[in-house]
Amino acid sequence: MNRTILIVDDQPEIVELLGLYLEKESYRILEAFNGREALQIIERESIDLMLVDLMMPNINGYQLIKKVRQNLHIPIIIISAKNEDNDKILGLGLGADDFIPKPFNPLEVIARVQAQLRRSYSYKQESTPQSESLLIKVGDIVLDESTYSARKDDVTIPLTKIEYRILELLMSSPGRVYTKQQIFERAWNDYYMGGEEDNTINVHISKLREKLEENPKKPNYIKTIRGLGYKFVSKK
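Residues numbered from 1 in each chain as written. Predicted model: local features only at pLDDT ≥ 70, side-chain atom pairs only at ≥ 80, totals over all residues. Heavy atoms only, no water.

Chemist: Is there a simple way to think about the side chain of D97 in this case?
Modeler: As for its placement among the helices and strands, D97 is situated in the loop between helix 4 (85-94) and strand 5 (98-101). In this structure the side chain of D97 is engaged in a polar contact, spanning 3.0 Å, whose partner is the side chain of R69. Dropping the residues within four chain positions of it, D97 is found in contact with R69, I74, P75, I76, L92, Q116, K161, I162 and W188. (Helix = DSSP H or I, 4+ residues; strand = E, 2+ residues; numbered from the N terminus. Polar contact = N/O pair within 3.5 Å; in protein donor to acceptor, adjacent residues only side chain to side chain. Contact = heavy atoms within 4.5 Å.)

Chemist: Would you mind going over helix 3 (residues 61-69) with me for this structure?
Modeler: Side chains of residues three or four places apart in an α-helix project in the same direction, reflecting 3.6 residues per turn. Along helix 3, the residues that are buried comprise G61, Y62, L64, I65, V68 and R69. Across the axial projection of helix 3, the buried residues extend over an arc of 165°, all falling on one side. Considering only its buried residues, helix 3 is in contact with strand 1 (4-8), helix 2 (35-44), strand 3 (49-52), strand 4 (76-80) and helix 4. Measuring from the backbone nitrogen of Y62 back to the side-chain oxygen at the start of helix 3 gives 3.1 Å, which picks out N60 as the cap. (Buried < 20%, exposed > 50% of the residue type's maximum accessible area, 1.4 Å probe, protein only. Arc of directions from axis to C-beta.)

Chemist: Whenever I open this one, the packing of aromatic side chains confuses me. Can you help?
Modeler: Centre distance and the angle of the planes are the two values used to describe a pair of aromatic rings. Within the structure shown, the criterion is met by 4 aromatic pairs. Residues F184 and W188 carry aromatic rings whose centres are separated by 4.9 Å and whose planes lie at 15° to one another, so their mutual orientation is stacked. Each of the two residues, F184 as well as W188, counts as buried. Every member of this aromatic cluster is reached through a ring pair, and the members are F184, W188 and Y192. Across the ring face of Y21, the terminal group of K24 is positioned such that the distance to the ring centre comes to 5.5 Å. (Phe/Tyr/Trp six-rings, centres within 6.5 Å; stacked < 30°, edge-to-face > 60°. Lys NZ or Arg CZ within 6 Å of the ring centre and 35° of its normal.)

Now the structure itself:
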């Protein structure tokens, strides 16, 4: 079955270029030129992956990613000329899975798309319940595989695909310290190189703390072990 990719960019020439290369790889392409058009398409179409520019009229890329992540866990790749570290960190923090700066090599985009789709498919296969859904409970936090969410005090906390994977790893062995390499290779299913990967992990840990902790600056659940990594502990 052909995968459907939604390209969202206010530059028609970029949309056309990406569409031509991706169609050669037998992907079904949908086009939107601003965030509002993209949301309308998402309401009526089944999307497997999104390529998103950041600076667009009506609803910009940041706003679009935030809205999409409220309901969908599809891979999102940012392609943008705004390639400062802050732009990357913000985009990844909102739920994007990858960031490609402009100008770009179309062949690299294809490779990144294929990698994200492989990971997404692998994740869905791993997460398909064989009998009943997996529940991991540590203290007052319950991780629910069936909804890819956490529960705290009977309040459901939606998680992105990456956030779920990180929390699943940490909660699977409470008190155990996991290195950044272990976290990255489990959550992203990719090789760990350090540097930019460290920043990406830090962003996602920060977002998890914002969702779980009463005071993210003084976390009770996800503890930093300086020079080693992170561990999950039951709130005392």
